[in-house]
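# Fold and geometry: a report
Residues per chain are reported as follows:
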Amino acid sequence: MPSRPGSSTQGPARPQRVRVKRKALESYRRVVGDEAVAGIREAAAELRGARILELSSTATGGGVAELLTSLVPLQRDVGLDVEWDVIPGDADFFEFTKALHNGLQGMPIEITDQQRAEYLSHNTAYAATLTDTYDVVIVHDPQPAAVRELATAGKGHTRWIWRCHVDSSTPDPAAWEFLQPLVEQYDRAVFTLPQFVPAGLSIPVTLIEPAIDPLSSKNRELPGYLSRETAAELGIDISRPLMLQVSRFDPWKDPLGVVEVWRQARASFGGLQLALVGAMAGDDPEAWDIYRQLEAELAGEPDCHLLTNQMGVTAHEVNALQRVADVAIQKSIREGFGLVVSETLWKGTVIVAGRAGGIPSQLEDGVSGRLATEVDEFAAAVCELLEYPTRARELGAAGRRHVLGNFLITRLLADHLSLIADVL
Ligand code: UDP
């Protein structure tokens, strides 16, 4: 059993500077074409040498880590001086910040004085380490949101951006009352969709949709034999149909609902397997409770494969599973964006996904995938796609074209360069 995120009694740990692989914009030319690459180079020339800090709460697991792992090296490659820090925290801090994340997505929460004090003490400790003078600091999500208020370094010169990755359209009042005064000290807030901007926010807003990296180990081309071999190593019988969900074990991704969908679909398609892949993000203590619930629910079900990053199911394995799956599912109830949807479509695999947050902008129902809300609707769509594989392939191919035109990392890089130029 993998271990929980550390619980420290020693006080806040030192900030973690994240090291990333190198990436070259030039390699993307063959995927996105000359014009996109030339546009990025032109925009980057104006920003050469700009000192940027990205600050998030985990370097692995979840969409933010996925984005920064590609965006940081690409920004460096085009001449910016970029660092990425992770705010250190202990179990109590991450338990509270997960509640805050849930509260931003609308779940009722209560905030105690002790939680408030602990949150601020972790943010203060990190802020005190910020001695460097950056041109722009981009703070991701609620975990490090107070750093802007608490930092003394670069107060006058630095531009501060708060990037919210969750669906904050109807935040719980207690959560937003806590965050609003912290967020309003930033020069700019960035949301994924216009409806995510909480009512009454008084600072300038920019909208940017996330994107996937077509050349990362999660998304790059894999030969069919290698995908099948990798899936077989994970216990999948590749001669039988496979349904897949890849997501953090999180109530908003409804993994128990996925099990219900699978059971309903299996009633029509005997032998249908389910792979539930769940990353254990370092800032997400809730995942363990859900993992245990799933284990209990799935005892004695050999055709359901419960797989985690902690047992070595990482980018390559996710890539392979997204290629061999007959149908993928993303049963989100609330969703900031849902990178997995574009990741799946990029492989030409059809997906049935929840009508939540950024998902409908990634796929059009009946054209480039299927949208659903209730378990019955998901199960019916899954069965239809298993019954008509040619139709499933057509939807997957249309999905891939849509991702190529709208959701690749070069578009996101261009958006970020223009955001940085805009605030400087
Ligand atoms: N992910 C992964 N392994 C897992 C579960 C998720 O690598 O077991 C990745 C997934 O491929 C995607 C990211 O984590 O890149 C999840 O991003 P998304 O926007 O879908 O959701 P978030 O976790 O940010 O809410």
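These numbers were taken from a predicted model, which means no experiment stands behind them. (Residues numbered from 1 in each chain as written. Predicted model: local features only at pLDDT ≥ 70, side-chain atom pairs only at ≥ 80, totals over all residues.)

This part takes up helix H16 (residues 409-423). With 15 residues, H16 should reach 21 Å at 1.5 Å per residue; the first-to-last C-alpha distance of 21 Å fits that figure. Along H16, the residues classified as buried are Ile-409, Thr-410, Leu-412, Leu-413, His-416, Leu-417 and Ile-420. In a view along the axis of H16, the buried residues occupy a sector of 155°, so they form one face of it. Where H16 is buried, its residues touch helix H1 (29-32), helix H2 (34-45), strand S2 (51-56), helix H3 (63-77) and strand S4 (136-140). (Helix = DSSP H or I, 4+ residues; strand = E, 2+ residues; numbered from the N terminus. Expected span 1.5 Å × (residues − 1). Buried ≥ 20, exposed ≤ 12 C-beta atoms within 10 Å, placed from the backbone. Arc of directions from axis to C-beta. Contact = placed C-beta atoms within 7 Å.)

Another aspect to go through is the packing of H3 against H16. Close contact between H3 and H16 brings their axes to 10 Å; oriented N to C, the two are set at 60°. Every pair of crossing elements has a handedness; the one defined by H3 and H16 is right-handed. Here H3 contributes Ser-70, Leu-71, Leu-74 and Gln-75 to the contact with H16, which in turn contributes Ile-409, Leu-412, Leu-413 and His-416. Split into classes, the residues belonging to the contact of H3 with H16 amount to five nonpolar, three polar and no charged. (Axes fitted to C-alpha atoms, helices over the stretch in contact; angles between N-to-C directions. Left-handed = near helix turned anticlockwise from the far one by under 90°. Nonpolar A, V, L, I, M, F, W, Y, C, P; charged D, E, K, R; others polar.)

For the rest of this paragraph, the subject is the domain arrangement of the chain. Split into domains, the chain comes out as domain 1 (16-211 + 408-423) and domain 2 (224-406). Each of domain 1 and domain 2 has a C-alpha centre, and these two points are 28 Å apart. The partner domain 2 presents 22 residues to the 24 residues of domain 1 that form the contact. For the side of domain 1 that touches domain 2, the secondary structure elements donating two or more residues are H3 and helix H4 (91-104). By residue number, the principal contributor to the side of domain 1 that touches domain 2 is H4, which donates five residues. Classifying every residue of the side of domain 1 that touches domain 2 by side-chain character gives six nonpolar, 12 polar and six charged. (Domains from an automatic or database assignment.)

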